[in-house]
Amino acid sequence: MKICVTTKDNSPEVETDPHFGRCMYFMFVDTETMQKEFIKNPFAAESQGAGVRAAQYITDHGADVLISGNPGPNAVSVMETAGIRIVKYPEMKAMEAVQKFLGINNLVKGENMKICVPSMGKTGLEDQVGQHFGKVLNYIMYDTETSEVSILPNTSEHNGGVGLPPELMSKNGVDIMLCGGLGTKAVAMFEQYGIEVFVGAQGTIQNALDAWKDGKLQKANMNNACTSHEHDDHHSHHHH
């Protein structure tokens, strides 16, 4: 797999650059060898259209994944058409971003992850995925290392309890949540708690886990957050 990271320069300890089209360098990493190659962004000084041209450029260079800040909608559509997966991380060291991505997507590395899926029932993997993650009664937890399945009751304020779902999940060690969709405020809140969210989950909990393992679910971001779920978020301010 070839990962492209937008970076500020080409030094070993380089940080990611949140500006996609006008980043200084593209760092390409071959995940087989972990060799990296820096290519100066030829469009960094363009006054317009830099994003689309940069998207075409990394497509032509065989990128499978882009780690960057916030590419514009036109650049995104070029990359989505080419099947490039777009991952957004806050500014951090570029190689750490690559390792974080690989840790999340590479279960064979044996990294222990807790995945949480909102559930319509309370039996486990055969439950249907609950489409309103904040209001479901339970979350099904899946441990990638032990394959253990457990049930986490939704005791958040949506159900008359205390706190918000991301807070509850964070306290219970959740790394990833799979759901149908969610609003922009919720995306921001999960980011705050360091929980990665993947959208597009449907069918049973088992279907959702299989789709995630096969890379078929999309990482939630501000572009694919849906306005139809915004009403789930009206509680997202903290009550003190």
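In what follows, the structure referred to is the one given above.
All values reported here derive from a predicted model rather than from experimental measurement. (Residues numbered from 1 in each chain as written. Predicted model: local features only at pLDDT ≥ 70, side-chain atom pairs only at ≥ 80, totals over all residues. Heavy atoms only, no water.)

What follows covers the overall build of the protein chain. Regarding its fold elements, the protein chain presents 6 helices and 11 strands. In terms of C-alpha radius of gyration, the protein chain reaches 19 Å, essentially the compact-globule figure of 18 Å for 240 residues. Taken across its 240 residues, the protein chain has 48% of its residues classed as buried. For the protein chain, long-range pairs separated by at least 24 residues make up 52% of all intrachain contacts whose partners lie at least 6 apart in sequence. Accessible area for the protein chain stands at about 11,500 Å²; split by element, carbon and sulfur atoms hold 50% of it. Each charge class in the protein chain was averaged separately, 19 positive and 29 negative side chains, and the resulting centres sit 3 Å apart. (Helix = DSSP H or I, 4+ residues; strand = E, 2+ residues; numbered from the N terminus. Rg over C-alpha atoms; globule rule 2.2 N^0.38 Å. Buried < 20%, exposed > 50% of the residue type's maximum accessible area, 1.4 Å probe, protein only. Contact = heavy atoms within 4.5 Å. Areas by Shrake-Rupley, 256 points an atom, 1.4 Å probe, with all protein chains shown as cover. Lys, Arg positive; Asp, Glu negative; His and termini not counted. Charge placed at Lys NZ, Arg CZ, Asp CG, Glu CD.)

Another point: helix H2 (residues 73–81). For H2, the complete set of buried residues consists of Ala75, Val76, Val78 and Met79. Axial view of H2: buried residues confined to an arc of 160 degrees, hence all on one face. Relative to its buried face, H2 has exposed residues pointing more than 90 degrees away, namely Pro73, Asn74 and Thr81. Here the buried face of H2 lies against helix H1 (50–60), strand S4 (65–68) and strand S5 (85–88). In the stretch just after H2, Gly83 is the one whose phi turns positive, near 80 degrees. (Arc of directions from axis to C-beta.)

A few words on the state of the cysteines. According to the stated counting rule, one finds 0 disulfides in the structure shown. In this model Cys4 remains outside any disulfide bridge; the closest cysteine sulfur is found in Cys23, 7.2 Å from its own. (Disulfide = S-S within 2.5 Å.)

By the element assignment, Gln35 lies in strand S3 (residues 35–40). Judged by relative accessible area, which is 55%, Gln35 ranks as exposed. Residues Gln35 and Cys116, 81 residues apart in the sequence, show an inter-C-alpha distance of 34 Å.

Turning our attention to unusual backbone geometry. What you tend to see is this: most non-glycine residues have negative phi, and most peptide bonds are trans. In this structure, Met34 takes a positive phi of about 60 degrees despite not being glycine. With respect to the element layout, Met34 can be found in the loop between strand S2 (25–30) and S3. Despite not being glycine, Ser147 has its phi angle at roughly 60 degrees, a positive value.

What follows deals with the sheet that holds S3. The strands making up a sheet associate through backbone hydrogen bonding, with each pair oriented either parallel or antiparallel. Here 5 strands make up an open sheet; going across it, the order is S3-S2-S1-S4-S5 and the pairing mixed. The open sheet has two edge strands, S3 and S5, and neither has a second partner. Mean inter-strand twist for the sheet, computed between neighbouring axes without regard to direction, equals 20 degrees. Looking at chain direction, strand S1 (residues 2–7) and S2 are connected through 6 bridges and run antiparallel. Among the inter-strand pairings, Lys2 is bridged to a residue of S2, identified as Asp30. Docked against the sheet, H1 engages S1, S2, S3 and S4, running at close to 25 degrees with respect to S2. (Pairing = 2+ DSSP bridges. Axes fitted to C-alpha atoms, helices over the stretch in contact; angles between N-to-C directions.)

Turning our attention to the pattern of salt bridges. In a structure, side chains of opposite charge can pair up when their charged atoms sit close to one another. Under the counting rule described, the total for this entry stands at 5 salt bridges. Residue Glu13 is joined to Lys93 by a salt bridge in which the shortest nitrogen-to-oxygen separation is 3.9 Å. One end of the pair, Glu13, is in the loop between S1 and S2; the other, Lys93, is in the loop between S5 and helix H3 (94–105), with 80 residues separating them in the sequence. Given a relative accessible area of 54%, Glu13 falls into the exposed group. A salt bridge links Lys219 to Glu196; the nearest nitrogen and oxygen atoms lie 2.7 Å apart. In this pair, Lys219 is assigned in strand S11 (residues 218–219) and Glu196 in strand S10 (residues 196–199), connecting sequence segments 23 residues apart. We note that Lys219, like Glu196, is buried. (Salt bridge = Lys/Arg side-chain N within 4 Å of Asp/Glu carboxyl O.)

Next up on the list: the environment of Ala45. In this fold, Ala45 is placed in the loop between S3 and H1. For the pair formed by Ala45 and Thr184, sequence separation is 139 residues and the distance between their alpha carbons is 31 Å.

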